[in-house]
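Next come the chains, spelled out residue by residue.
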Amino acid sequence: MNYIDGAWVPSSSGKTFENRNPANTDDLIGLFQKSTAEDARRAVDAAARAYDDWRLVPAPKRGEILFRAAQIIADRKEQFARDMTREMGKVLAETRGDVQEAVDMSFFLAGEGRRLHGQTTPSELRNKFAMSVRQPLGVCSIITPWNFPMAIPSWKIIPALVCGNTVVFKPASQTPLSAVNFVKVLEEAGIPKGVVNMVTGDGDEVGTPLTTSEMVRVVSFTGSTKVGRIVNQAAAPTFKKVHLEMGGKNVIMIMDDADLELAVDGCLWGGFGTSGQRCTAASRVVVHEKVHDRFVEMFVARARSLTIGDGLDEKIQMGPSNSESQLKTVMSYVEIGKKEGATLACGGNRLESGAYAKGYFHEPTIFTNVDPRMRIAQEEIFGPVVSVMKCRSFEEAVALGNGVEYGLSASIYTQDINRAFAAMRDLYTGIFYINAPTIGAEVHLPFGGTKDTGNGHREAGVAALEVFSEWKS
Ligand code: NAD
């Protein structure tokens, strides 16, 4: 059901869509509403009406509701993680982490209800007092992808609410159950009717009213760069504040003095964690020529030893791709890599026999001898495919690291603190790691990317407040 104006209601279309388990497509998780533009408009209307009162609820009281929500999510963590693995495919350890991020974000930002600091400052005139305060903007459209089905909605919805905005939430169609779980928590925690609304369905049909309606003041979108560009253009004529978090082609740089065991471990989880379906996935590895061959040997051996299967089994380390279309994309890039002349060092095949027959499984795949101009070195694949490139120097590694359209995350493995800090300065990304992989956000730090990954905003941390409030002096 959709959630509009405090009620669980069917779509006016009378139609639904299926949500199936990507590890076993016989497993039907449920039917969800295939909503219309009219449903989306009703949700926006409800959010606009609710805003009049919600913005006047004292921020500490708004925070109290969000503290309650955080605790409810924490109490149901295991069930939510299991639901999420079933619909999204990533392994339980990762879905527990996803739910925990929603808990942490909700606790962290609920606390902002008692801060939301502004500035007081002297005036240049006598007997004049000067200050600036944060004010909410109104209705926020929240449009999210399927790879972090509870974490990403929480990164957006919780700061929007604590600032005093109301929300219309459109989750990805691949993971509607986690969205329903999250919205039910907010309802139970005591969010008044109309303050949070949720509409499921196709991106275009439901998304267009959410990005064009005159009543919407903020659009916060996470997803592909292609759709982000459409959202940005749709929202431009009505001058909405648009916050975009988009694709990535993140790099791990391994220098000749690196701890290779540590680096291989980072590449393994950075590249193949969540089956490569993270915006921060380490899909490129640049290795110094002096340690290249040894690194490749170790990395291939570790990749081959990963246990692949249904993420609900605790022993499994890598689950399926999220959907048939995602799997097809992976397979098409494997063909592209081969045609471009890269060396397939391991993997490269769909897994189809026995326990894999009903799912979208693919082998962890490593290409070596990759030219940085190849498509597999430039384009986001969003699957378990890593491209390894050789470099001769630190400077060349930095140039290769920066040599893509995206700018989300990067990392360096080295024992040389000067090189580590120079790399941190020179990689034009929103996130940087030293001796750790490109993945792993913390809720109190700003999160986001440069270039084609983002449009200058950040989520998480107090930076999130900048998206969902504006200054009044
Ligand atoms: P997607 O762009 O296909 O979809 C994202 C959302 O946009 C979905 O809810 C979809 O229904 C909706 N949508 C589609 N068309 C729309 C339209 N015309 N108007 C409004 N909304 C529309 O992305 P996806 O496949 O769900 O997610 C994968 C992508 O997300 C990858 O590119 C990944 O890098 C990116 N991502 C980025 C971050 C980040 O923080 N930078 C985090 C996670 C995922």
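Below or above, wherever it landed, is the structure these notes cover. Predicted model only: the values in this text are computed from it and were never measured.

How each quantity is defined
- Residues numbered from 1 in each chain as written.
- Predicted model: local features only at pLDDT ≥ 70, side-chain atom pairs only at ≥ 80, totals over all residues.
- Heavy atoms only, no water.
- Helix = DSSP H or I, 4+ residues; strand = E, 2+ residues; numbered from the N terminus.
- Rg over C-alpha atoms; globule rule 2.2 N^0.38 Å.
- Buried < 20%, exposed > 50% of the residue type's maximum accessible area, 1.4 Å probe, protein only.
- Contact = heavy atoms within 4.5 Å.
- Areas by Shrake-Rupley, 256 points an atom, 1.4 Å probe, with all protein chains shown as cover.
- Lys, Arg positive; Asp, Glu negative; His and termini not counted.
- Charge placed at Lys NZ, Arg CZ, Asp CG, Glu CD.
- Near = heavy atom within 4 Å.
- Polar contact = N/O pair within 3.5 Å; in protein donor to acceptor, adjacent residues only side chain to side chain.
- Core = buried A, V, L, I, M, F, W, Y, C linked by side-chain atoms within 4.5 Å.
- Pairing = 2+ DSSP bridges.
- Axes fitted to C-alpha atoms, helices over the stretch in contact; angles between N-to-C directions.
- Patch = residues over 30% accessible without salt bridge, like charges linked within 9 Å, V, L, I, M, F, W, Y side chains within 5 Å.
- Salt bridge = Lys/Arg side-chain N within 4 Å of Asp/Glu carboxyl O.
- Parallel < 35°, antiparallel > 145°, perpendicular 65-115°, else oblique.
- Left-handed = near helix turned anticlockwise from the far one by under 90°.
- Nonpolar A, V, L, I, M, F, W, Y, C, P; charged D, E, K, R; others polar.

1. Considering the overall build of the chain
Here is step 1: Within the chain one finds 15 helices and 23 strands.
Here is step 2: For a compact globule of 473 residues, the expected C-alpha radius of gyration is about 23 Å, and the chain comes in at 23 Å, within 12% of that figure.
Here is step 3: If you line up the chain on its principal axes, its C-alpha atoms span 65 × 65 × 40 Å.
Here is step 4: Counting only residues that meet the buried cut, the chain has 59% of its 473 residues in that class.
Here is step 5: Partitioning the intrachain contacts of the chain with sequence separation of at least 6 by distance along the chain shows that 73% fall at a separation of at least 24.
Here is step 6: Carbon and sulfur atoms make up 51% of the accessible area of the chain, which amounts to about 18,900 Å² in all.
Here is step 7: Of note, the chain has its 52 positive side-chain charges centred 4 Å away from the centre of its 56 negative side-chain charges.

2. Describing the site of the ligand
Here is step 1: Around the ligand, the structure places 28 residues, and the nearest of them are Thr144, Ser224, Met246, Cys279 and Glu380.
Here is step 2: Within the side chain of Ser224, a nitrogen or oxygen atom sits 2.6 Å from an oxygen atom of the ligand.
Here is step 3: Against a free-state accessible area of 860 Å², the protein chains account for coverage of 89% of the ligand.

3. Remarks on the nonpolar core
Here is step 1: Core analysis: the largest hydrophobic core is formed by 67 residues, its most contacted members being Ile73, Leu161, Leu186 and Ile191.
Here is step 2: Dropping the residues within four chain positions of it, Ile191 is found in contact with Trp54, Ile65, Leu66, Leu161, Leu186 and Val196.
Here is step 3: Membership of the second largest hydrophobic core comes to 30 residues, among which are Leu306, Met318, Cys346 and Val388.

4. Some remarks on the sheet that holds strand 23 (residues 470–472)
Here is step 1: Taking strand neighbours across the sheet as the criterion, the three strands line up as 5-6-23 in an open arrangement whose pairing is antiparallel. The sheet is open, and its two borders are formed by strand 5 (119–121) and strand 23, each paired with just one other strand. Along the sheet, successive strands turn relative to each other by an average axial angle of 20 degrees, direction set aside.
Here is step 2: Both strand 5 and strand 6 (residues 130–135) contribute to a ladder of three bridges, which runs antiparallel. What sits directly across from Gln119, in strand 6, is Ser132.

5. As for a nonpolar patch on the surface
Here is step 1: Judged by side-chain polarity, Ile417, Phe421, Met424 and Ile434 come together as a nonpolar surface patch covering roughly 370 Å² of accessible area.
Here is step 2: Inspection of the secondary structure puts Met424 in helix 14 (residues 417–426).

6. Structural notes on the packing of helix 9 (residues 260–272) against helix 10 (residues 289–304)
The relative placement of two packed helices comes down to the angle between their axes together with the axis-to-axis distance.
Here is step 1: Closest axis-to-axis distance for the helix 9/helix 10 pair is 10 Å, and the angle between their directions is 50 degrees. The orientation of helix 9 relative to helix 10 falls into the category oblique. The handedness of the crossing between helix 9 and helix 10 comes out as right-handed. Across from Leu260, Glu261, Val264, Asp265, Cys267, Leu268, Trp269 and Phe272 in helix 9, the residues of helix 10 making contact are Val291, Arg294, Phe295, Met298, Phe299, Arg302 and Ala303.
Here is step 2: A per-class count over the contact of helix 9 with helix 10 returns 11 nonpolar, no polar and four charged.

7. Digging into unusual backbone geometry
Here is step 1: The phi dihedral of Leu116 falls on the positive side, at around 40 degrees, and the residue is not glycine.
Here is step 2: Within the element layout of this structure, Leu116 appears in the loop between helix 4 (92–110) and strand 5.
Here is step 3: Owing to a relative accessible area of 17%, Leu116 belongs among the buried residues under this scheme.
Here is step 4: Phi is positive for Ala460, close to 65 degrees, though the residue is something other than glycine.
Here is step 5: Within the secondary structure, Ala460 sits in the loop between strand 22 (450–451) and helix 15 (463–468).
Here is step 6: Residue class for Ala460 comes out buried when judged on its relative accessible area of 1%.

Geometric values such as these leave the question of function open.
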